Amino acid sequence: MPRTSHPPLYLALADNVERLIASGTLRPGDRVPSVRRMSRQHKVSPPTVVQAYLALENRGIIEARPRSGFYVRAQPIDPLKLPTFSNRKPLARSLAKFPPLMAMVSDLGNPELVPLGGANPSGDLLPARKLARISATVSRLNPKAVINYDPAPGCARLREELSRRSLEWGCYLQSDQFLITNGATEALHLALHAVARPGDTVLVESPTYYGLLSLLSFLHLNVIAIPSHAQTGIDLDAVESALELQRVAAMIVVPNFSNPLGSLMPEENRRRLIALAAGRGVPIIEDDIYGDLSHEGDRPRAMKALDADGSVILCGSFSKTLAPGYRIGYLAAGPYQDQLAQAKMALNFGGAPLPALTVAEFLRNGGYGHHLRTLRHTFRDQVSRMREAIAAAFPGEVKISAPLGGFVLWVELPRGVDALRLFYLARDAGISIAPGHLFAPSAEFKNFIRISCGHPWSPRIEAAVSTLGKLLERSRK
Ligand SMILES: Cc1ncc(COP(=O)(O)O)c(C=O)c1O
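These numbers come from a predicted model, not from an experiment. (Residues numbered from 1 in each chain as written. Predicted model: local features only at pLDDT ≥ 70, side-chain atom pairs only at ≥ 80, totals over all residues. Heavy atoms only, no water.)

Trainee: For the overall build of the protein chain, give the residues involved together with the corresponding values.
Mentor: The number of helices and strands found in the protein chain is 16 helices and 17 strands. Its C-alpha atoms give the protein chain a radius of gyration of 22 Å, within 12% of the compact-globule value 23 Å for 477 residues. In terms of principal-axis extent, the alpha carbons of the protein chain reach across some 65 × 60 × 50 Å. When contacts within the protein chain are restricted to residue pairs at least 6 apart in sequence, long-range pairs at least 24 apart make up 75% of them. Summed over its atoms, the accessible surface of the protein chain is roughly 21100 Å², and 53% of this surface lies on carbon and sulfur atoms. Of the charged side chains in the protein chain, 55 are positive and 42 negative; the average position of the first set lies 2 Å away from that of the second. (Helix = DSSP H or I, 4+ residues; strand = E, 2+ residues; numbered from the N terminus. Rg over C-alpha atoms; globule rule 2.2 N^0.38 Å. Contact = heavy atoms within 4.5 Å. Areas by Shrake-Rupley, 256 points an atom, 1.4 Å probe, with all protein chains shown as cover. Lys, Arg positive; Asp, Glu negative; His and termini not counted. Charge placed at Lys NZ, Arg CZ, Asp CG, Glu CD.)

The following block contains the structure:
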């Protein structure tokens, strides 16, 4: 039987404060009552109030100001509409026909094209030189270690750094709870290996990252694509109905700044999803690859932070923040840890020591926090400029996601526009974009594109956006 529970006290408190804000009693810029006052007034403990305020911060309603307290956020009036929420019935689908589209994916990273396609951060924004210096030093100081095999679970120093960082994710994981992997992709692969067999069905967000669909297809898994909201992520009622109708081996979610929507799952949705999954014994695979890239405020916690009984398997990597080419990812597999350490050993031992030690050293002494601050703000600015440029250049009604983190935009084009046609026209004009067809197992996102904002704003990018606007009319069916 599914577990049901009353909403925790802090959520009731958060909802009350949200109502005060919605009714205008508390207005943008107002300070919300201090934790002490709130705790006295409502006869709850100060940590409960703090939890309530953190939930409101996660919802984007209030913000913490250092040494001053919590304030109601100014809600900018955004004239742009969000992309439409998919209303497809979530049915199990085979991915047997998915791979042919993957031929397009190689174009997404083509350096000849204006890079609006691949979700790759520009090398200009990553600490390439610093990493190169660290790598040289690490090699010089540990010449034998870096040329030797490293057995699974992989680089101990990196696992220690991950353990330290996990405090920021709200998880408190020990170094022996991590496996170092070949990017998040291998972490997802191993996690799926632990919980699903060919022919099984896995729940995913819709739209979702095409690399994930490609991996599921490779593993002969079927998917149920669950409609997802541009702001709050996977629709929980749809998850609940799908779980009632069908046996599901796992669900995969990107609660922090999903790709392509950029959605941020509210804390209460995370709790409900965990309860739904735990009630049916379905493991959740959490991909937290964008978690470090919130545009404002603190990093959102990982969903794993709320996992009391080990049903969340956490995957992540440094591909979006440091060095995609180093292929450094990680997995905290809970009950599957030993089994997956063996699987990893059978596949490729513990991974290459040099990039792992280099990332470990960067995390420890390289100023990762400082680098992240700059990167997050740069992405925020690039995303905001791109939204404005698209709104100005694209004719007809265009709807654009409004991510609070990461660096991709999900754009709904006017009905009748064929994103695949636009993809080819754009490529002929020297521009790369990602057509919506790649982001779901069915053809439901034919008039959507994903635009990456991973490269510094430039006249070349501005001109490419205006060219895309002109090509839209020619892309109608
Ligand atoms: C949601 C998501 N997961 C995983 C990956 C792949 O990560 P990695 O390069 O670390 O294998 C990506 C890359 O775009 C992604 O967007």
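Trainee: Any details on the packing of helix α10 (residues 236-245) against helix α11 (residues 267-279)? Residues and values, ideally.
Mentor: Interaxial distance between α10 and α11 falls to 11 Å at its minimum, and their mutual angle equals 5°. Judged by the angle between their axes, α10 and α11 are roughly parallel. Judged by residue contacts, L236, D237, V239, E240 and L243 of α10 engage N269, R272, L273 and L276 from α11. A breakdown of the residues in the contact of α10 with α11 according to their chemical character gives 5 nonpolar, 1 polar and 3 charged. (Axes fitted to C-alpha atoms, helices over the stretch in contact; angles between N-to-C directions. Parallel < 35°, antiparallel > 145°, perpendicular 65-115°, else oblique. Nonpolar A, V, L, I, M, F, W, Y, C, P; charged D, E, K, R; others polar.)

Trainee: Lay out the site of the ligand in plain terms, naming residues and giving numbers.
Mentor: The environment of the ligand is formed by G183, A184, T185, Y209, N259, D287, I289, Y290, S317, S319, K320 and R327. Between the ligand and D287 there is a distance of 2.5 Å, counted from a nitrogen atom to a side-chain nitrogen or oxygen. At 2.7 Å, a side-chain N or O of K320 approaches an oxygen atom of the ligand. Against a free-state accessible area of 400 Å², the protein chains account for coverage of 93% of the ligand. (Near = heavy atom within 4 Å. Polar contact = N/O pair within 3.5 Å; in protein donor to acceptor, adjacent residues only side chain to side chain.)

Trainee: Explain the sheet that holds strand β17 (residues 448-452) to me, using residue names and the numbers behind them.
Mentor: One open sheet holds the 4 strands; their spatial order is β13-β14-β17-β16, and the pairing between them is antiparallel. Two strands close off the open sheet at either side, each with one partner strand: β13 (399-400) and β16 (434-435). The pairing of β13 with strand β14 (residues 408-412) spans 2 bridges and is antiparallel. By the bridge assignment for β14, I400 is matched with V411. (Pairing = 2+ DSSP bridges.)

Trainee: Help me get a handle on the pairing of strand β1 (residues 62-65), residues and values and all.
Mentor: Across 4 bridges, β1 lies against strand β2 (residues 69-72) in antiparallel orientation. Note that in β2 the partner of E63 across the bridge is Y71. Here β1 hands over to β2 after 3 residues, with R67 in that stretch at a positive phi of 55°.

Trainee: Got a sec to walk through the nonpolar core? Specific residues and values, please.
Mentor: Residues L116 and L216 are the most contacted members of the largest nonpolar core, which totals 76 residues. It is helix α8 (residues 183-195) that provides the largest number of residues to this core, a total of 7 residues. Not counting residues up to four positions away in its chain, the partners in contact with L116 are M386, I431, S432, I433, R450, I451, S452, I461, A464, V465 and L468. Membership of the second largest hydrophobic core comes to 40 residues, among which are V138, C171, L314 and F407. (Core = buried A, V, L, I, M, F, W, Y, C linked by side-chain atoms within 4.5 Å. Buried < 20%, exposed > 50% of the residue type's maximum accessible area, 1.4 Å probe, protein only.)

Trainee: Before we move on, can you summarise the packing of helix α15 (residues 419-428) against helix α16 (residues 459-472) with the specific residues and values?
Mentor: For the pair α15 and α16, interaxial distance at closest approach is 10 Å and the crossing angle is 130°. Put simply, α15 runs oblique to α16. By crossing handedness, the relation of α15 to α16 is classed as right-handed. Here L422, L425 and A426 of α15 come into contact with α16, specifically with L468, L471 and L472. For the contact of α15 with α16, the class distribution of residues is 6 nonpolar, no polar and no charged. (Left-handed = near helix turned anticlockwise from the far one by under 90°.)

Trainee: Could you give me a rundown of the pattern of salt bridges, with the residues and numbers involved?
Mentor: When the charged atoms of two side chains lie near each other, side chains of opposite charge can form a pair. A complete count under the given rule lists 19 salt bridges for this structure. R272 is paired through a salt bridge with E240; the nearest N and O atoms lie 2.9 Å apart. Taken as a pair, R272 in helix α11 and E240 in helix α10 lie far apart in primary sequence, 32 residues in all. The exposure class of R272 is partly exposed, given its relative accessible area of 33%. (Salt bridge = Lys/Arg side-chain N within 4 Å of Asp/Glu carboxyl O.)

Trainee: Quick one: what's the story with a positive patch on the surface, residue by residue and with numbers?
Mentor: On the surface, a cluster of positive charge is contributed by R88, R421, K446 and K477. Examined against the element boundaries, R421 turns out to sit in helix α15. Here R421 falls in the partly exposed class, since its relative accessible area comes to 37%. (Patch = residues over 30% accessible without salt bridge, like charges linked within 9 Å, V, L, I, M, F, W, Y side chains within 5 Å.)

Trainee: Now, about the packing of aromatic side chains: what can you tell me, with residues and values included?
Mentor: Within the structure shown, the criterion is met by 17 aromatic pairs. Counting every residue linked through ring pairs, the aromatic cluster contains W169, F178, F318, Y330, F362 and Y368. (Phe/Tyr/Trp six-rings, centres within 6.5 Å; stacked < 30°, edge-to-face > 60°.)

Trainee: Could you give an account of the environment of E240, with specific residues and numbers?
Mentor: A relative accessible area of 25% places E240 in the partly exposed class. Linking E240 and A277, residues 37 residues apart in sequence, is a C-alpha distance of 9.0 Å. Once you skip the residues sitting within four places of it in the chain, E240 turns out to touch R272, L276 and R280.

Trainee: Please give an account of α10 that cites residues and values.
Mentor: Among the residues of α10, those classed as buried are L236, A238, V239, A242 and L243. Along the axis of α10, the buried residues cluster in a sector spanning 155°; they form a single face. In this structure, α10 carries E244 and L245 as exposed residues pointing more than 90 degrees from its buried face. Here the buried face of α10 lies against β6 (201-206), β7 (222-229), β8 (233-234), β9 (250-253) and α11. (Arc of directions from axis to C-beta.)

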